[in-house]
Amino acid sequence: MSVSSNIKGIYFVLTCFISSYFGSCFIMLPSLPLAICLPSLYRTYVQFMIGTWMLLPPSLYELIFGTKIVVTGDQLERKETSLVIANHRTRLDWMFLWSVTGRARVSALLKIILRGDLKHIPGFGWSMQFGSFFFLSRKWAKDEKYISNKISFLANSDDHYKLLLFPEGTDFDPKTKARSDKYGDKEGWPHLDYLLHPRSTGFVHCVKEYRKGRLDAIYDITMAYPKTLPHRGEMDLITGRFPEEIHTNIKRHDASEIPTDDVALEAWLRERWYEKEELLKKFYEKGSFPVPETQRQPFFRNGANSFVWPIFLIWNAALFLILYLLIISPATRSYFLFANLTLFLLSTTGILEDLDRRCEKW
């Protein structure tokens, strides 16, 4: 990679990290009293601010690296409580999907399932705890009840949340494909060239828990990268190795079409993956997903791309202002130290995550 790409990559990583770090301290922490007094208002504020921040990485890689976003298929409906499933081609798919959710104007409503050890990372982890994201230990005996409690809130809320789930469990690479093939051989399933066999336990549990409240649809997203593939994950961010194009195909399945018993749900998920395998095979032959006959008009509403420049400018201006205040103001530096100590304690003691929900029960 060129020196220019490395500089851009370092700028991208630093901007994303520092913005989440400063955002946790200067934007999110001052709102904590609302979690105790007015949990609903607190939740609205937090969702808006995190949804706004989730537009920053897409604005950066689209403006700085010129990444092109191509979306085909069904619209992501804002006023639906839904489960979103996607193939896991790279370790960064979740971030690249923010370009889609941002244009569909559902970023503030999106919840993501993450590894439990990420929750304590200063900035990013703290912010995701404010946003009530899912943090799993990857021990099902512990995660099962945790997931049930979290989904119970999402499925009974009037805010129409969307939960993003990667049923494959990990990203696609030669090692994980070998393990997937071995697993498939054991179960008598065919080898897949572009995907890993989905693990159904978490998916089935999520669907069943959603149905105790509200589930309007399942959105099946297929992601593809026709040119550069960021196969090294976070290291590719630092070196500026971003995809020139990100293609996503969205297919909506109404909740009434989804089976109800466990065995049928497992079979339904596998069938979607076989369809996805054929779709990806044709994509890499032709370089694009098929455009449905009904998609004559632009996929997104007019002005859907308008967030890119404003978000880029607003967040960069905010970062420079906070840095300036930290340099010239002892009071700002003292507050910053206090905020770090407070967030560290709240995070490590488990108080920060879902604080608003616990306060509502008092």
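Above this text is the structure in question.
Residues numbered from 1 in each chain as written. Predicted model: local features only at pLDDT ≥ 70, side-chain atom pairs only at ≥ 80, totals over all residues. Heavy atoms only, no water.

Undergrad: Please give an account of the overall build of the protein that cites residues and values.
TA: Along its length, the protein carries 15 helices and 7 strands. For 362 residues, the compact-globule estimate of 2.2 N^0.38 gives 21 Å, and the protein sits close to it at 21 Å. Each principal axis of the C-alpha distribution contributes one length, and for the protein these read about 65 × 55 × 40 Å. Here the protein holds 362 residues, and the buried ones make up 56% of them. Counted over contacts in the protein with a minimum sequence separation of 6, partners at least 24 positions apart contribute 78%. In the protein, 45 positive and 39 negative side-chain charges are present, and the distance between their average locations comes to 5 Å. (Helix = DSSP H or I, 4+ residues; strand = E, 2+ residues; numbered from the N terminus. Rg over C-alpha atoms; globule rule 2.2 N^0.38 Å. Buried < 20%, exposed > 50% of the residue type's maximum accessible area, 1.4 Å probe, protein only. Contact = heavy atoms within 4.5 Å. Lys, Arg positive; Asp, Glu negative; His and termini not counted. Charge placed at Lys NZ, Arg CZ, Asp CG, Glu CD.)

Undergrad: Give a description of empty space enclosed by the protein that names residues and reports values.
TA: To locate leftover empty space, one rolls a probe as large as a water molecule over the atoms. All chains considered together, the criterion is met by 5 cavities of 30 Å³ or more. Roughly 130 Å³ of internal volume is contained in the largest cavity. Along the walls of the largest cavity sit 16 residues, with Arg43, Lys111, Gly131, Ser132 and Phe153 positioned nearest its centre. Sorting the residues of the lining of the largest cavity by element identifies helix H3 (39-53), helix H8 (140-155) and helix H15 (355-361) as the ones contributing at least two each. It is H3 that contributes the most residues to the lining of the largest cavity, 4 residues altogether. Its residues assigned to classes, the lining of the largest cavity shows 7 nonpolar, 3 polar and 6 charged. The space that makes up the second largest cavity amounts to roughly 100 Å³. Taken together, Ser19, Ser20, Gly23, Ser24, Ile27, Met28, Met49, Ile50, Trp53, Ser127 and Trp315 form the lining of the second largest cavity. (1 Å grid on protein atoms, 1.4 Å probe; cavity = no way out; pocket = protein on both sides within 12 Å on 5 of 7 lines; lining within 4 Å. Points joined across faces, edges and corners; volume = space filled by probe spheres on them. Nonpolar A, V, L, I, M, F, W, Y, C, P; charged D, E, K, R; others polar.)

Undergrad: I'd love a proper account of the packing of aromatic side chains, names of residues and values included.
TA: Applying the stated criterion across every chain, the model contains 26 aromatic pairs. Between Phe22 and Phe26, the aromatic rings sit 6.0 Å apart at their centres with planes inclined by 85°, giving edge-to-face as the arrangement. Placement of the pair is Phe22 and Phe26 together in helix H1 (residues 3-28), with a separation of 4 residues, close to one helical turn. You can call Phe22 buried: its relative accessible area is 6%. Looking at Phe26, the relative accessible area reads 23%, which means it is partly exposed. (Phe/Tyr/Trp six-rings, centres within 6.5 Å; stacked < 30°, edge-to-face > 60°.)

Undergrad: Give a detailed account of unusual backbone geometry, specifying residues and quantitative values.
TA: Most of the time, phi is negative for any residue but glycine, and the peptide bond is trans. Backbone geometry places His160, a non-glycine residue, at a positive phi of 60°. A relative accessible area of 16% means that His160 is categorised as buried. The phi torsion at Asp354 lies on the positive side, around 60°, for a residue other than glycine. Mapped onto the secondary structure, Asp354 falls in the loop between helix H14 (330-348) and H15. Accessibility expressed as a relative area gives 10% for Asp354, which makes it buried.

Undergrad: Before we move on, could you go through the sheet that holds strand E2 (residues 82-86) and cite the residues and values that matter?
TA: Sheet strands pair by backbone hydrogen bonding; their relative direction is either parallel or antiparallel. Pairing in this open sheet of 7 strands is mixed, and the strands run E1-E7-E6-E2-E5-E3-E4 from one edge to the other. Of all the strands in the sheet, the pair left with one neighbour each is strand E1 (68-73) and strand E4 (134-136). Neighbour-to-neighbour, the strand axes of the sheet open up by a mean angle of 25°, direction not taken into account. Running at roughly 165° to E2, helix H10 (residues 200-210) makes contact with E2, strand E5 (162-165) and strand E6 (217-224) of the sheet. Packed on one face of the sheet, helix H12 (residues 262-286) meets E2, E6 and strand E7 (245-254) and runs near 30° to E6. (Pairing = 2+ DSSP bridges. Axes fitted to C-alpha atoms, helices over the stretch in contact; angles between N-to-C directions.)

Undergrad: Describe H8, listing the residues and the values that go with them.
TA: Here H8 is 16 residues long and its end C-alpha atoms lie 21 Å apart, about the 22 Å a rise of 1.5 Å per residue gives. All buried positions along H8 are accounted for by Asp143, Ile147, Ser148, Lys150, Ile151, Leu154 and Ala155. (Expected span 1.5 Å × (residues − 1).)

Undergrad: Describe the packing of helix H4 (residues 56-64) against helix H13 (residues 308-328), naming the residues involved and giving the relevant values.
TA: For any two helices packed against each other, the geometry comes down to the angle between their axes and how far apart the axes lie. Running from N to C, H4 and H13 cross one another at 110°; their axes reach a closest spacing of 9 Å. Relative to H13, H4 is oriented roughly perpendicular. The residues of H13 that touch H4, namely those facing Leu56, Ser59, Leu60, Glu62 and Leu63, are Val308, Trp309, Ile311, Phe312 and Trp315. Taken together, the residues that form the contact of H4 with H13 break down as 8 nonpolar, 1 polar and 1 charged. (Parallel < 35°, antiparallel > 145°, perpendicular 65-115°, else oblique.)

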